[in-house]
Amino acid sequence: MNTKMLGWATVIYLVAMAFYLIRLLRDDEYWGKLATGTALVGLALHTAGIAVRWWESYRLGIGHAPLANFYESMIFFSWAIMLLYLVTEWRIRNRFLGPFVTPVAFLSMAYASLSPDEATRIQPLIPALQSNWLTSHVVTCFMGYGAFTIAFGLGVLFFARRFVAGSGNPSKGRGGFFPDEGAIEDLIYHSTIMGFIFLSLGIITGSVWANFAWGSYWSWDPKETWSLITWLIYAALLHARLIRGWRGKRIAVMAIAGFVSVLFTYLGVNYLDSLHSYIM
Amino acid sequence: MQEEKKASKNPVWSFFSSVRLTLFLLLLIALAAIVGTVIPQQDAAGEAVQKLPPALAGVLKVLQLNDLYRSPWFLLLMALLTVNLVVCSLNRLPASLRLYRRKPDPDRPGLYEDLPPGQVLAAEGTVEDEAARMEQVLIKALGSVERKGTDQAIWLSGHKGAWSYFGVYVIHTGVLVIILGAVIGSILGFDGYVNIPEGGSADRIELRGGKGVMELGFDVKCDDFDVEFYDSGMPKLYRSDLSFLKGGEIRAKGVLMVNHPLEFEGIRFYQSTYGSVPGEVVLKITKKGEQVVKRARQGERFAIDEGRAQVEILRIEGNLMRMGPAVKVGIAAGDKALSFWVFKFIDAIEEQNPGIMKQIPQFNAALYRPYSFELDGIETSFYTGLKVTRDPGVPVVGAGAFLLVAGFLLTFFSSHRQVFVRLDRKHGATRVCIAGRCNRDPVKLDREIERIIGSYKGLTG
Ligand code: HEM
């Protein structure tokens, strides 16, 4: 039941993504409204899917928040992206970011739906996950990842804008269809702050949990270490902007670099462990 | 806010107060941490290094790249960041204090130019009346108001949230306190392991990183160990029932599970691993149709043949040479000593390898005549693997984390908002101009001003 709903949400996101693209190419707000509406329907279905999955886990007698394996984390990652994106869209009253963020949400959902059957089934929790900290830790981390995804979309958009507009910072022409570079950068900054706070909370809740489960709040395990690396990169971004006065391109580059680190924290680390035994 | 360009006289001080150094250190630490996740660390490093060419292994060793997070140069980077942070904060504190204390000057030139039309109002009352009214509004909205006046004009000002200048210091103090907690933990804390068989106890632990053995000063007894599995085969529960004893007397008892550590005398115990070890071996010993059953653990002895022979369990194998469970038994009778293996599935082995008993006398369980041995089974017993730690730095790190989050709230969700009002006469009416300044979050300031104008208009009627 829940996997079907989530599957439909994936399809709806694909449609929303297409509408956002059409809006961009046609420069027509009619498509923009359609895109937002579609994305909202998708998010509603997505939310319901997660809620039903949660409820079903209780019916199976193994009740827990659906945040316990890779499949569920990708579903939640995508949910956080869409939620934060729609909030941003509403706050800035502009849809220009849609085509750059919805693909990440869609890809995450689509990749999740490719998981083998036993991964999509609701599983009971292994002892290490039987903790009250599971939910707060995963939620904060992935809200952080979601905010960083928005900052990444903006970073990509920064360069896309330069690409279509030619060099310089024109306010007219096709480049003028997007907000100016200063506004984009400002949004990158605010998304980064959001992400930084959430990631900090994610690291803190993770440490508290580790201190209960593993007997140490910090043990330099690759995942922990990569979350620290990500945190340091964004801390550098904030300082570079605020105090060194870095602007525009450098900030966009750092937002993209930070996101690569986010992806590595989330996905790459899983390969790293096997790399150990492989390379050496 | 731009970095202050005021050059300090002391070059060391100015070096450490630079944010360029901060960027450099943050990124360098990130880079070092990346290296640490690619190169195997600590225990995993041992085998890996052996497979490397010696030159490369030498480089790894000199730079301590396989115990990177404890290596002197990594700690040096952290120390530099700490000094950087302290110096930088001390350097900027006076400026922040000035900002905090600065009296707003509402008659500053230029303040009321280019105001949006909504922020310039015309009122009926005298300048004095309108000013009194506005004062009330400002007090209510901002909690403070100051007045400055001449006969033609009155200036009012109020502000809120000046302490937001210190949010950054709270964040940075949080970082420092976390580092302090980590240092305390690494100096005063320890961290080790102990395996305790079911029914057994331990009074010492093995410290991690080959740092030797530590006496606990009490005994930990494992009364019971349990593992439960789900139908899918995934583990469901690990549980150790522990007792803590001093001088043979039980002082505390508790149930240890993953995510539910136990503490005794400031030392914490965690359910870390478990395993099984061979327990008692059950041997059937037959002499002319007369059978006795004997139980013994590895290394234990018992007597047969009316005390003329001593039997010792030398080794226990769960699966010897892919022929199933086997036990090596040694027999000493007088000055004669011999040993042989007793297989559990001896019948099947003989069937598949006819004559094996003759070829390999070591496999003949009837070597000590006239006795013949049979292996009835090997019982397994569990041991629980505990992680044992003490870390007095934990509360300090927790306090640092709290400061960090509180600092975020102060820095990112509060701002210093100043509202300035000028009242004067223009075209036969009282003109009220409202301006604002803030250090971040202009949207919030605009809303504040909107609210102030709203309640002011409400008061005017
Ligand atoms: C891991 C270490 C650090 C963290 C997590 C951190 C965090 C932060 C954050 C979140 C801000 C606010 C940024 C913003 O408002 O956009 C900030 C501001 C600042 N940080 Fe750090 N910081 C760290 C280390 C340092 C160091 C070593 C220095 C020393 C030079 C430094 C100097 C500053 C300064 C000068 C500001 C700006 C204050 C202002 O005028 O508003 N930081 N820091």
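What comes next is a walk through the structure. (Residues numbered from 1 in each chain as written. Chains lettered and ligands numbered in written order. Predicted model: local features only at pLDDT ≥ 70, side-chain atom pairs only at ≥ 80, totals over all residues. Heavy atoms only, no water.)

1. Focus on the overall build of chain B
1) Next: Each helix and strand in chain B was counted, giving eleven helices and 18 strands.
2) Next: The C-alpha atoms of chain B give a radius of gyration of 40 Å, which is well past the 23 Å a tight globule of 461 residues would have.
3) Next: Projecting the C-alpha coordinates of chain B onto the three principal axes gives extents of approximately 135 × 55 × 50 Å.
4) Next: In chain B, buried positions account for 43% of the 461 residues.
5) Next: Within chain B, counting contacts between residues at least 6 apart in sequence, those at least 24 apart form 58% of the total.
6) Next: Here chain B displays about 25,300 Å² of accessible surface, and carbon together with sulfur accounts for 56% of that area.
7) Next: Of note, chain B has its 56 positive side-chain charges centred 6 Å away from the centre of its 51 negative side-chain charges. (Helix = DSSP H or I, 4+ residues; strand = E, 2+ residues; numbered from the N terminus. Rg over C-alpha atoms; globule rule 2.2 N^0.38 Å. Buried < 20%, exposed > 50% of the residue type's maximum accessible area, 1.4 Å probe, protein only. Contact = heavy atoms within 4.5 Å. Areas by Shrake-Rupley, 256 points an atom, 1.4 Å probe, with all protein chains shown as cover. Lys, Arg positive; Asp, Glu negative; His and termini not counted. Charge placed at Lys NZ, Arg CZ, Asp CG, Glu CD.)

2. What to know about the site of the ligand
1) Next: The ligand sits among 24 residues. The nearest are Tyr189(A), His239(A), Cys88(B), His172(B) and Arg440(B).
2) Next: Surrounding the ligand are residues belonging to chains A and B, so the site spans chains.
3) Next: At 2.5 Å from an oxygen atom of the ligand is found a side-chain nitrogen or oxygen belonging to Tyr189(A).
4) Next: Of all the secondary-structure elements, those providing two or more residues to the shell around the ligand are α7 (181-213) and α8 (222-242) of chain A together with α2 (19-38), α5 (72-101), α7 (167-188) and α10 (394-413) of chain B.
5) Next: In terms of residue class, the shell around the ligand is built from 16 nonpolar, six polar and two charged. (Near = heavy atom within 4 Å. Polar contact = N/O pair within 3.5 Å; in protein donor to acceptor, adjacent residues only side chain to side chain. Nonpolar A, V, L, I, M, F, W, Y, C, P; charged D, E, K, R; others polar.)

3. Overview of the sheet that holds strand β3 (residues 153-160) of chain B
Residues and elements named next belong to chain B.
1) Next: Strand order across the open sheet formed by five strands is β1-β18-β17-β3-β2, with antiparallel pairing between neighbours. For this open sheet the edge positions go to β1 (120-123) and β2 (146-149), each flanked by a neighbour on one side alone. Recorded for the sheet is a direction-independent mean angle of 20° between the axes of neighbouring strands.
2) Next: Pairing of β2 with β3, which is carried by four bridges, proceeds in the antiparallel orientation. When the bridges of β3 are listed, lysine 148 appears paired with tryptophan 155.
3) Next: Here helix α6 (residues 127-142) sits on the sheet in contact with β1, β2, β3, β17 (417-426) and β18 (429-438), set at roughly 5° to β3. (Pairing = 2+ DSSP bridges. Axes fitted to C-alpha atoms, helices over the stretch in contact; angles between N-to-C directions.)

4. Some remarks on the layout of surface pockets
Residues and elements named next belong to chain A.
1) Next: Counted as a void, the second largest pocket has a volume near 1,100 Å³.
2) Next: Along the wall of the second largest pocket there are 43 residues; nearest its centre are Leu129, His137, Trp209, Trp214 and Lys223.
3) Next: Contributing elements (two or more residues each) for the lining of the second largest pocket: α3 (70-92), α6 (133-165), α7, α8 and α9 (248-279).
4) Next: Per-element accounting of the lining of the second largest pocket gives the leading share, seven residues, to α7.
5) Next: When grouped by side-chain class, the residues that make up the lining of the second largest pocket number 25 nonpolar, eleven polar and seven charged. (1 Å grid on protein atoms, 1.4 Å probe; cavity = no way out; pocket = protein on both sides within 12 Å on 5 of 7 lines; lining within 4 Å. Points joined across faces, edges and corners; volume = space filled by probe spheres on them.)

5. A short note on empty space enclosed by the protein
Residues and elements named next belong to chain A.
1) Next: Going through the model one piece at a time under the given rule, you end up with two cavities of 30 Å³ or more.
2) Next: Around the largest cavity, the lining residues are Leu6, Ile50, Arg53, Pro66, Leu67, Tyr71, Glu72, Ile75 and Phe76.
3) Next: Broken down by secondary-structure element, the contributors of at least two residues to the lining of the largest cavity are α2 (29-59) and α3.
4) Next: Here the lining of the largest cavity takes four residues from α3, the largest share from any one element.

6. Comments concerning the sheet that holds strand β15 (residues 336-343) of chain B
All names here are of chain B.
1) Next: Pairing is antiparallel across the open sheet formed by four strands, whose spatial order is β12-β13-β14-β15. At either margin of the open sheet sits one strand with a lone partner, and together these are β12 (301-304) and β15. Direction aside, neighbouring strands of the sheet carry axes that sit 30° apart on average.
2) Next: Alignment of strand β14 (residues 326-333) against β15, held across eight bridges, turns out to be antiparallel.

7. What about the nonpolar core?
1) Next: Counting residues in each nonpolar core, the largest one holds 112 residues, and the members touching the most others are Leu97(A), Phe142(A), Leu154(A), Ile188(A) and Trp231(A).
2) Next: Here this core takes 14 residues from α6(A), the largest share from any one element.
3) Next: Apart from the residues within four sequence positions on either side, Leu154(A) is in contact with Phe96(A), Leu97(A), Ile184(A), Leu187(A), Ile188(A) and Ser191(A).
4) Next: Val194(B), Met214(B), Leu262(B) and Phe269(B) belong to the second-largest nonpolar core, a separate cluster that totals 24 residues. (Core = buried A, V, L, I, M, F, W, Y, C linked by side-chain atoms within 4.5 Å.)

8. Topic: the packing of aromatic side chains
All names here are of chain A.
1) Next: Applying the stated criterion across every chain yields a total of 39 aromatic pairs over all chains.
2) Next: Joined through ring pairs, the aromatic side chains of Phe70, Phe76, Phe77, Trp79, Phe142, Tyr145 and Tyr266 make up one cluster.
3) Next: The ring of tryptophan 90 carries arginine 93 above its face, with NZ or CZ at 5.8 Å from the centroid.
4) Next: One cation-aromatic arrangement involves arginine 250 over tryptophan 246; the distance from NZ or CZ to the ring centre is 4.5 Å. (Phe/Tyr/Trp six-rings, centres within 6.5 Å; stacked < 30°, edge-to-face > 60°. Lys NZ or Arg CZ within 6 Å of the ring centre and 35° of its normal.)

9. Digging into the environment of Pro235(B)
1) Next: On the secondary structure map, Pro235(B) appears in strand β7 (residues 235-246).
2) Next: Sequence-distant contacts of Pro235(B), that is, excluding residues within four places in its chain, are made with Leu125(A), Ile126(A), Pro127(A), Glu228(B), Phe229(B) and Tyr230(B).

10. Some details on the packing of α7(A) against α8(A)
Residue and element names in this part refer to chain A.
1) Next: Orientation of α7 relative to α8, taken along the N-to-C sense of each, is 145°, at an axis distance of 10 Å. The chirality of how α7 crosses α8 is left-handed. Taking contact as the criterion, the partners of Glu185, Asp186, Tyr189, Thr192, Ile193, Phe196, Leu199, Ser200, Ile203 and Ala210 in α7 are, on α8, Glu224, Ser227, Thr230, Trp231, Tyr234, Ala235, Leu237, Leu238, Arg241 and Leu242.
2) Next: For the contact of α7 with α8, the per-class residue count stands at twelve nonpolar, four polar and four charged. (Left-handed = near helix turned anticlockwise from the far one by under 90°.)

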